[in-house]
Amino acid sequence: QVQLMESGGGSVQAGGSLRLSCAASGFPSPKFCLGWFRQAPVKEREGVALLHSTGETTDADSVKGRFTISKDNAKYTSYLQMNSLKPEDTAMYFCAAQGKLYCPFEAGNYNDWGQGTQVTVSS
C-alpha cells in the first residue's frame, strides 16, 4: 500500500559520488524501517544499508564507511549517499519499507518496493 520511487542514479567514474533518493507516498507508520538494496546481473538482491525505526543504522560490510543512509520525515524521503564508488557497486538500487522496529537484511521479508534506479560505475 505504500508507494516508493527511487531517483538519482546514473553513470560515474570510480571514486566518484552519487546521492540516491526514495520518495514515499501513502500513509507509512512512524515506526517503519527503511532499507536500500541492490541487484546486479546474475546476482540476488542484497541489502546495502538499513535505517531502523529506532534511528539506528546498519551497513553491509561491502559499503561500510562509504555509504550513508538517512531520511527527511517532513519530505517523506530517504537518501543513500554513496562515496568512493567502485565498479563492483554497479547495480540496480531499490528502496524498501517494512513496519518493524528493526529491519532485516533479507529482501524476501519486504513487501513494499520502488521500481529501482540504475547505478553504473566505470573504472
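Right above here is the structure, for reference.
Since the structure is predicted, the reported quantities are computational estimates derived from the model, not experimental observations.

Scoring rules and cut-offs
- Residues numbered from 1 in each chain as written.
- Predicted model: local features only at pLDDT ≥ 70, side-chain atom pairs only at ≥ 80, totals over all residues.
- Heavy atoms only, no water.
- Helix = DSSP H or I, 4+ residues; strand = E, 2+ residues; numbered from the N terminus.
- Rg over C-alpha atoms; globule rule 2.2 N^0.38 Å.
- Buried < 20%, exposed > 50% of the residue type's maximum accessible area, 1.4 Å probe, protein only.
- Contact = heavy atoms within 4.5 Å.
- Pairing = 2+ DSSP bridges.
- Axes fitted to C-alpha atoms, helices over the stretch in contact; angles between N-to-C directions.
- Core = buried A, V, L, I, M, F, W, Y, C linked by side-chain atoms within 4.5 Å.

(A) Layout of the overall build of the chain. When helices and strands are tallied, the chain shows 0 helices and 11 strands. Relative to the globule expectation of 14 Å for 123 residues, the C-alpha radius of gyration of the chain, 13 Å, shows essentially globular dimensions. The principal-axis extent of the C-alpha atoms belonging to the chain is close to 40 × 25 × 25 Å. Here the chain holds 123 residues, and the buried ones make up 42% of them. Of the contacts made within the chain by residues no fewer than 6 positions apart, 61% connect residues no fewer than 24 positions apart.

(B) The arrangement of the sheet that holds strand β3 (residues 18–25) in detail. If you trace the 4 strands from one edge of the open sheet to the other, you get β1-β3-β8-β7, paired in antiparallel fashion. Pairing within the sheet leaves two strands with one partner each, and these edge strands are β1 (3–7) and β7 (67–72). Strand-to-strand twist across the sheet, computed as the mean angle between neighbouring axes with direction ignored, equals 15°.

(C) A look at the nonpolar core. Ranked by size, the top nonpolar core spans 26 residues in total, and within it Trp-36, Phe-67, Leu-80, Met-82 and Tyr-93 carry the most contacts. Elements supplying a minimum of two residues to this core: β3, β4 (33–39), β5 (46–51), β7, β8 (77–82), β9 (91–98) and β11 (117–122). Counting residues per element, this core draws most heavily on β9, at 4 residues. Every residue in contact with Met-82, bar those within four places of it in the chain, is listed here: Gly-16, Ser-17, Leu-18, Leu-20, Arg-66, Phe-67, Tyr-93 and Val-119. Of all hydrophobic cores here, the second largest spans 7 residues; its members include Cys-33, Phe-37, Leu-50 and Cys-103.

Read these as layout, nothing more, since geometry by itself doesn't imply function.
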